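As a plain string of letters, each chain reads:
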Amino acid sequence: MTTRREGRELALQALYSKDLVLHDATAALKRIIESFSEGDEPMLEVNSKAYAFASELVNGVMAHLPEIDARIAEKSKHWSMARMARVDLNILRLAVFELLYRPDIPKNVTMNEAIEVAKKFGAEDSASFVNGILDEIASGVTDKE
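Definitions and cut-offs
Residues numbered from 1 in each chain as written. Predicted model: local features only at pLDDT ≥ 70, side-chain atom pairs only at ≥ 80, totals over all residues. Heavy atoms only, no water. Helix = DSSP H or I, 4+ residues; strand = E, 2+ residues; numbered from the N terminus. Buried < 20%, exposed > 50% of the residue type's maximum accessible area, 1.4 Å probe, protein only. Contact = heavy atoms within 4.5 Å. Core = buried A, V, L, I, M, F, W, Y, C linked by side-chain atoms within 4.5 Å. Patch = residues over 30% accessible without salt bridge, like charges linked within 9 Å, V, L, I, M, F, W, Y side chains within 5 Å. Areas by Shrake-Rupley, 256 points an atom, 1.4 Å probe, with all protein chains shown as cover. Salt bridge = Lys/Arg side-chain N within 4 Å of Asp/Glu carboxyl O. Axes fitted to C-alpha atoms, helices over the stretch in contact; angles between N-to-C directions. Parallel < 35°, antiparallel > 145°, perpendicular 65-115°, else oblique. Nonpolar A, V, L, I, M, F, W, Y, C, P; charged D, E, K, R; others polar. Left-handed = near helix turned anticlockwise from the far one by under 90°.

J.: If you had to explain the overall build of the chain to someone new, which residues and values would you point to?
T.: When helices and strands are counted, the chain shows seven helices and zero strands. The N-to-C order of helical and strand elements in the chain reads α-α-α-α-α-α-α. Residue burial in the chain is summarised as follows: out of 145 residues, 45% are buried. Within the chain, contacts between residues separated by at least 24 positions form 71% of all contacts whose residues are at least 6 apart in sequence.

J.: Describe the nonpolar core, listing the residues and the values that go with them.
T.: I72, M84, I91, L92 and L134 are the most contacted members of the largest nonpolar core, which has 42 residues in total. Mapped by element, the contributors of at least two residues to this core are α1 (3–21), α2 (25–36), α3 (48–63), α4 (65–75), α5 (86–101), α6 (107–121) and α7 (126–138). The dominant element in this core, judged by the number of residues it contributes, is α5, at nine residues. Excluding residues that lie within four positions of it along the chain, I72 makes contacts with M81, M84, L89, L92, R93, V96 and I137.

J.: I'd like to hear about a nonpolar patch on the surface, residue by residue, with values.
T.: A contiguous nonpolar surface patch, about 280 Å² in accessible area, is contributed by Y16, L20 and V21. Along the chain, Y16 falls in helix α1.

J.: Can you tell me about the pattern of salt bridges, naming the residues and giving the values?
T.: In the structure shown here, the tally under the stated rule is 15 salt bridges. Among the ionic pairs, R71 bridges to E67, the shortest N-O distance being 3.9 Å. In this pair, R71 and E67 both sit in helix α4, four residues apart, roughly one turn of the helix. For R71, a relative accessible area of 28% translates into the label partly exposed.

J.: Just give me the short version of unusual backbone geometry, but keep the residues and values in it.
T.: Here the phi dihedral of H78 falls at roughly 70 degrees; this positive angle occurs in a residue that is not glycine. With respect to the helices and strands, the residue H78 is situated in the loop between α4 and α5. You can call H78 exposed: its relative accessible area is 75%.

J.: Any chance you could break down the packing of α3 against α5 for me, citing the residues and the numbers?
T.: Between α3 and α5, whose axes approach to 9 Å, the crossing angle comes to 90 degrees. Our classification of the angle between α3 and α5 gives roughly perpendicular. Contacts between α3 and α5 pair F53, E56, L57, G60 and V61 from the former with R93, L94, F97 and E98 from the latter. Within the contact of α3 with α5, the residues separate by chemical class into five nonpolar, one polar and three charged.

J.: Any chance you could break down the packing of α6 against α7 for me, citing the residues and the numbers?
T.: Relative orientation of the contacting elements α6 and α7 amounts to 160 degrees, with a least axis distance of 8 Å. When the interaxial angle is binned, α6 and α7 end up roughly antiparallel. Two packed elements cross with a definite hand, and for α6 against α7 that hand is right-handed. Contact residues: K107, M111, A114, I115, A118 and K119 in α6; S126, A127, V130, N131, L134, D135 and A138 in α7.

J.: Kindly report on the side chain of E9, identifying the contributing residues and their values.
T.: Structurally, the position occupied by E9 is in helix α1. Residue classification places E9 among the buried residues on the basis of a relative accessible area of 7%.

Next up, the structure:
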């Protein structure tokens, strides 16, 4: 797994946790990292670069949440955000943040990563759902260089 994929997955878990427990997403990310290293031996080694990327994503999504959610709501025809699975919604939030605010990440990379994360963490139809909405949003975003 790439460092950025690991970071995206950690960020997704933090945003999902925030939605369920209604606490700060940054604190949720720290708790997730701490849970990987409880006891004498770490359960999972978390790459410091992956953690840093996850932190950038979480902080960026939270800083721009109203605009990100407005974009998702605008393009999700026939689906209110309240009806969306929390995993799918948070994958969309991460991807929309990347599309709008991370010019260093090509659109196709953002799209592909979101779909792969949806396959791993979402339901059977999550990948196609995420792809459909992201296609709509990405079509309105200028290509990155």
